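What follows is the residue order along each chain.
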Amino acid sequence: MRRERCATAFSLILLARNSWQVGASFAFEAFVKAPNAEENDLLGQSVAYSADTLVVGADGEDSCARGVDTTAAADNGCTDAGAVYVFKRSGTTWALEAYVKATNAGSDDHFGYSVALDGDTLAVGAYAEGSCTTGVATTAATDNDCSGSGAAYVFKRSGTTWALEAYVKAPNAGFSEDNFGFLVAFRGHTRGWCCQREQLCDGRGHHRRHGVRLYRCGRRLRVQTLRDDVDVRGLRESDQCGTV
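All figures in this text were calculated on a predicted structure; none of them were measured in a lab.

K.L.:
Sorry if this is basic, but what is going on with the pairing of strand S10 (residues 121-126) here?
P.N.:
Regular strands have side chains that alternate between both faces of the sheet. Of all six residues that make up S10, six are buried, and the element is covered over most of its length. Here S10 shows a buried face lined by Thr-121, Ala-123 and Gly-125 and a second buried face lined by Leu-122, Val-124 and Ala-126. As defined by bridge partners, strand S9 (residues 111-118) adjoins S10 across six bridges and the pair is classed as antiparallel. Residue Ser-114 lies in a different strand from S10, and its bridge partner there is Gly-125. Here S9 folds back onto S10 in antiparallel fashion, the turn holding two residues, of which Gly-119 has a positive phi close to 65°.

See the structure below:
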């Protein structure tokens, strides 16, 4: 899989391998563009793949649409709200299955900056989402009082239909610019959400540091375990988040 950039418009070029033996060759399979592609949408900012499903984030997409649809919106009323596109393969043909937006989509949220896919479960990070809500809910908050606190969204597929399963916020959300959801990841039944710059209070003021928070989900997504923050000793205010 290779990303192409022309000016600030992204596309995806998919290459299929004829076998997994050493020396096997790759062949062009598909050239993927958003159905509502425009400059600065940044399709391909994040990519995830599982079986015959391809998920592509475009965190600069600008529509004000909310929720999941099979048709991409054409408006540009919410700058950098972000979107995720789900493509499904049948044989060697790829087609759009779902156009996914945050259910509380707003300008500058950057929904789709990170994505992770595990079978029929999709996690999407929106590192600049601005609500002050904490913990896990089934509906997304609509306030914008904690700019850049960040959020993650979990969608579940039934058949060909995707729906929001969980709206995830850090349990200590409430400070601006934490960037929760900067990275998302799956490992079995554990979902990982990374804060780019989590603010830790030492009683004398708030200092920006990054951290990782892990939620374990069983049959229902819920907060079961919250691991300690990563070691912040020696980190600088300018440090960025690594991989989850």
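Don't stop here, the text continues.
K.L.:
Just to check I follow, could you spell out the environment of Asp-41 for this structure?
P.N.:
By the element assignment, Asp-41 lies in the loop between strand S3 (26-32) and strand S4 (43-50). Relative accessible area serves as the criterion here: at 5%, Asp-41 is assigned to the buried category. Sequence separation between Asp-41 and Gly-82 is 41 residues; the distance between their C-alpha atoms is 7.7 Å.

K.L.:
Sorry, what's going on with the nonpolar core here?
P.N.:
Most often, soluble globular proteins have nonpolar side chains that are buried together. Formed by 21 residues in total, the largest nonpolar core has its most connected members in Val-55, Val-84, Phe-111, Leu-122, Tyr-153 and Phe-155. Sorting the residues of this core by element identifies strand S7 (83-90), strand S8 (93-100), S9, S10, strand S12 (151-158) and strand S13 (161-169) as the ones contributing at least two each. Residues within four places of Val-84 in sequence aside, it is in contact with Val-55, Val-56, Gly-57, Ala-98, Tyr-99, Val-100, Phe-111, Gly-112, Val-115, Leu-122 and Val-124. The next biggest cluster of nonpolar side chains, apart from the first, holds 15 residues, and it includes Leu-14, Val-32, Ala-34 and Ala-72.

K.L.:
Quick question: what am I supposed to make of the packing of aromatic side chains here?
P.N.:
Here the distance between the centres and the angle between the planes together describe a pair of aromatic rings. Evaluation of the coordinates by the stated rule reveals eight aromatic pairs. Here the aromatic rings of Tyr-85 and Tyr-99 are separated by 5.6 Å at their centres, their planes lie at 50°, and the arrangement is tilted. Taken together, the positions of Tyr-85 in strand S7 and Tyr-99 in strand S8 put the pair 14 residues apart, joining distant regions of the chain. Tyr-85 sits in the buried class, given a relative accessible area of 0%. When its relative accessible area of 1% is taken as the criterion, Tyr-99 is described as buried. Ring geometry for Tyr-113 against Tyr-127: centres 4.8 Å apart, planes inclined by 75°, an arrangement best described as edge-to-face. Of this pair, Tyr-113 sits in strand S9 while Tyr-127 sits in the loop between S10 and strand S11 (135-137), and the two are 14 residues apart along the sequence. What makes Tyr-127 buried here is its relative accessible area of 17%. Among the aromatic residues, those joined into a cluster by ring pairs are Phe-111, Tyr-153, Phe-155 and Tyr-167.

Quick notes on the rules
- Residues numbered from 1 in each chain as written.
- Predicted model: local features only at pLDDT ≥ 70, side-chain atom pairs only at ≥ 80, totals over all residues.
- Heavy atoms only, no water.
- Buried < 20%, exposed > 50% of the residue type's maximum accessible area, 1.4 Å probe, protein only.
- Helix = DSSP H or I, 4+ residues; strand = E, 2+ residues; numbered from the N terminus.
- Pairing = 2+ DSSP bridges.
- Core = buried A, V, L, I, M, F, W, Y, C linked by side-chain atoms within 4.5 Å.
- Contact = heavy atoms within 4.5 Å.
- Phe/Tyr/Trp six-rings, centres within 6.5 Å; stacked < 30°, edge-to-face > 60°.

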